[in-house]
Amino acid sequence: MPDISFSSVFAGSIEHLYAAAFIAGVWTVTVLSPGPNLLATLHATARGGARAGVTTAAGIGLGTAIWAGLSLAGLAVLFETVAWAYTAVKLVGAAYLIVVGLKLLLQRGATAPIVPGGAPAQGHLRRAFLFGLATDLSNPKAAAFFASLFAVSIPAGAPLAFQAGICALVVGIAAGWYALAAVIFARPRVAAAYGRARRWIERVTGALFVAAGLRLAADRP
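Residues numbered from 1 in each chain as written. Predicted model: local features only at pLDDT ≥ 70, side-chain atom pairs only at ≥ 80, totals over all residues. Heavy atoms only, no water.

**Some remarks on the overall build of the protein**
Basically, it comes down to this: To qualify as a helix, a DSSP run of H or I must reach at least 4 residues; to qualify as a strand, a run of E must reach at least 2; elements of each kind are numbered from the N terminus. Only protein chains enter the accessibility calculation, which uses a 1.4 Å probe. A residue is then buried if its area is under 20% of the maximum for its type, exposed if over 50%, and partly exposed in between. By the convention used here, residues are in contact when the closest approach between their heavy atoms is within 4.5 Å. Here the open area of atoms and residues is found with the Shrake-Rupley method and a 1.4 Å probe, where only the protein chains shown may cover a residue.
Helix and strand content of the protein: nine helices and zero strands. Counting helices and strands in the order they occur from the N terminus, the protein gives α-α-α-α-α-α-α-α-α. Burial status across the protein gives 41% buried among its 221 residues. Here the analysis covers contacts within the protein between residues at least 6 apart in sequence; of these, 90% occur between residues at least 24 apart. As displayed, the protein offers around 11900 Å² of accessible surface, 70% of which is attributable to carbon and sulfur atoms.

Shown next, in the form of structure tokens:
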């Protein structure tokens, strides 16, 4: 007969709390590290203001939810077992990042400056959301990362509700940080500084997207 005493339940709750805190700490450090998701957020903000940037962050949040959920469902194991599946997803993601980067590098003419408080068209917000989602989903290494993080931190036999809560936690951290970055980047002074160096910044951003794509393409599972 299972132990359902108060002490066992309390001990389980503390274990879950420690696990959640550990995951939150590791994931926060990871999210704060600059990468394609941050570049996508800032680029969308530069094109459509804070609303577009926050919408891009929401797309990144959905991508995070998908990777985290699939990791809990065993996607990383599938990638290890069926190597061509990981390779296919990896190459598609790498191609996407490279194409985005080349478009930024090869575009001619200046882009529109940030308009603080502006209201982008609905279609623009939809594209911003899909841009964030596609950028996040372009990196299948996220599945392996989440699988490793969850394997060493989530207690064995953790209830489904706790696992769902962990997914919500990592999504909230990612979407919250990128949304905050968009709001900060859209502030008038920051927007003005960006406008003065817009062409060079977008070229550097394009180069970083291409570099991220090439690095992903060369990655081994």
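Now that the structure has been shown, we can carry on.
**Focus: the layout of surface pockets**
Here the idea is plain: a probe the size of a water molecule rolls over the atoms and shows the empty space left. Put simply, the rule is: For each structure, a 1 Å grid was placed over the protein atoms alone; sets of points admitting a 1.4 Å probe that cannot get out are labelled cavities, open sets with protein on both sides within 12 Å along at least five of seven lines are labelled pockets, and lining residues have an atom within 4 Å of a point. Grid points are joined across faces, edges and corners, and a volume is the space filled by probe spheres set on the points. For this classification, the nonpolar set comprises Ala, Val, Leu, Ile, Met, Phe, Trp, Tyr, Cys and Pro, the charged set comprises Asp, Glu, Lys and Arg, and every other residue, Gly included, is treated as polar.
In this structure, the largest pocket occupies an estimated 800 Å³ of space. Lining the largest pocket are 30 residues, with Pro34, Gly35, Pro36, Asn37 and Asn139 positioned closest to its centre. Only helix H1 (6–32), helix H2 (36–72), helix H5 (122–137), helix H6 (141–153), helix H7 (160–185) and helix H9 (198–218) provide two or more residues apiece to the lining of the largest pocket. No other element matches the seven residues that H2 contributes to the lining of the largest pocket. The class makeup of the residues in the lining of the largest pocket is 19 nonpolar, eight polar and three charged. Empty space within the second largest pocket amounts to approximately 430 Å³.

**Regarding the packing of aromatic side chains**
Definition in use: Classification of ring pairs rests on two measures: the distance between centres of Phe, Tyr or Trp rings, Trp counted by its six-membered ring, which must be within 6.5 Å, and the angle between planes, read as stacked under 30 degrees, edge-to-face over 60 and tilted in between.
What the rule picks out here adds up to five aromatic pairs. An angle of 35° between the planes, with centres 6.5 Å apart, marks the rings of phenylalanine 131 and phenylalanine 209 as tilted. With phenylalanine 131 in helix H5 and phenylalanine 209 in helix H9, this residue pair connects regions lying 78 residues apart in the sequence. Grouping residues by exposure puts phenylalanine 131 and phenylalanine 209 together as buried. Aromatic pair phenylalanine 145 and phenylalanine 146: ring centres 5.7 Å apart, planes at 65°, arrangement edge-to-face. The partly exposed category is assigned to phenylalanine 145, whose relative accessible area is 28%. Note on phenylalanine 146: relative accessible area 1%, which makes it buried. Following the ring pairs from residue to residue traces out a cluster consisting of Trp27, Phe145, Phe146 and Phe150.

**Description of a nonpolar patch on the surface**
Heads up, the condition is: Exposure above 30% relative accessible area and the lack of any salt bridge qualify a residue for a patch; like charges then connect within 9 Å, and the nonpolar side chains Val, Leu, Ile, Met, Phe, Trp and Tyr within 5 Å. Think of a salt bridge as a Lys or Arg side-chain nitrogen and an Asp or Glu carboxyl oxygen that are within 4 Å of each other.
A contiguous nonpolar surface patch, about 210 Å² in accessible area, is contributed by Leu62, Ile66 and Leu70. Within the element layout of this structure, leucine 62 appears in helix H2. We classify leucine 62 as partly exposed; its relative accessible area is 36%.

**Observations regarding the confidence of the model for the protein**
Note the following rule: Per-residue confidence from the predictor is reported as pLDDT, a score between 0 and 100.
Per-residue confidence for the protein averages 80 on the pLDDT scale, and 81% of its residues sit at or above 70. Per-element averaging of pLDDT across the protein places helix H3 (residues 75–81) at the bottom with 66 and H7 at the top with 93. For residues 1–11, every residue scores under 50 in pLDDT, and the model assigns this stretch two contacts once sequence neighbours within four places are set aside. Segment residues 110–119: pLDDT under 50, and 20 contacts once partners within four positions in sequence are set aside and those in other chains are kept.

**A look at the packing of H2 against H6**
The condition is simple: Note on method: axes are straight lines fitted to C-alpha atoms, helices fitted across the in-contact stretch only, with angles between N-to-C directions ranging 0 to 180 degrees. Each angle is binned into one of four classes, with values under 35 degrees roughly parallel, values over 145 roughly antiparallel, values of 65 to 115 roughly perpendicular, and all other values oblique. Each crossing gets its handedness from the near helix: less than a right angle anticlockwise from the far helix is left-handed, clockwise is right-handed.
Across the interface, H2 lies against H6 with an axial gap of 8 Å and an inter-helix angle of 55°. The angle between the axes of H2 and H6 places the two elements in the oblique class. Where H2 crosses over H6, the two elements pack in a sense that is right-handed. For the pair formed by H2 and H6, the contact residues are Thr64, Trp67, Ala68, Ser71 and Leu72 on the first element and Ala142, Ala143, Phe146, Ala147 and Phe150 on the second. In the contact of H2 with H6, the residues fall into eight nonpolar, two polar and no charged.

**Quick notes on the packing of H2 against H7**
It is the contact of H2 with H7, at a shortest axis distance of 8 Å, that shows an interaxial angle of 170°. In terms of axis orientation, H2 runs roughly antiparallel to H7. Here the contact of H2 with H7 is composed, by residue class, of 22 nonpolar, eight polar and no charged.

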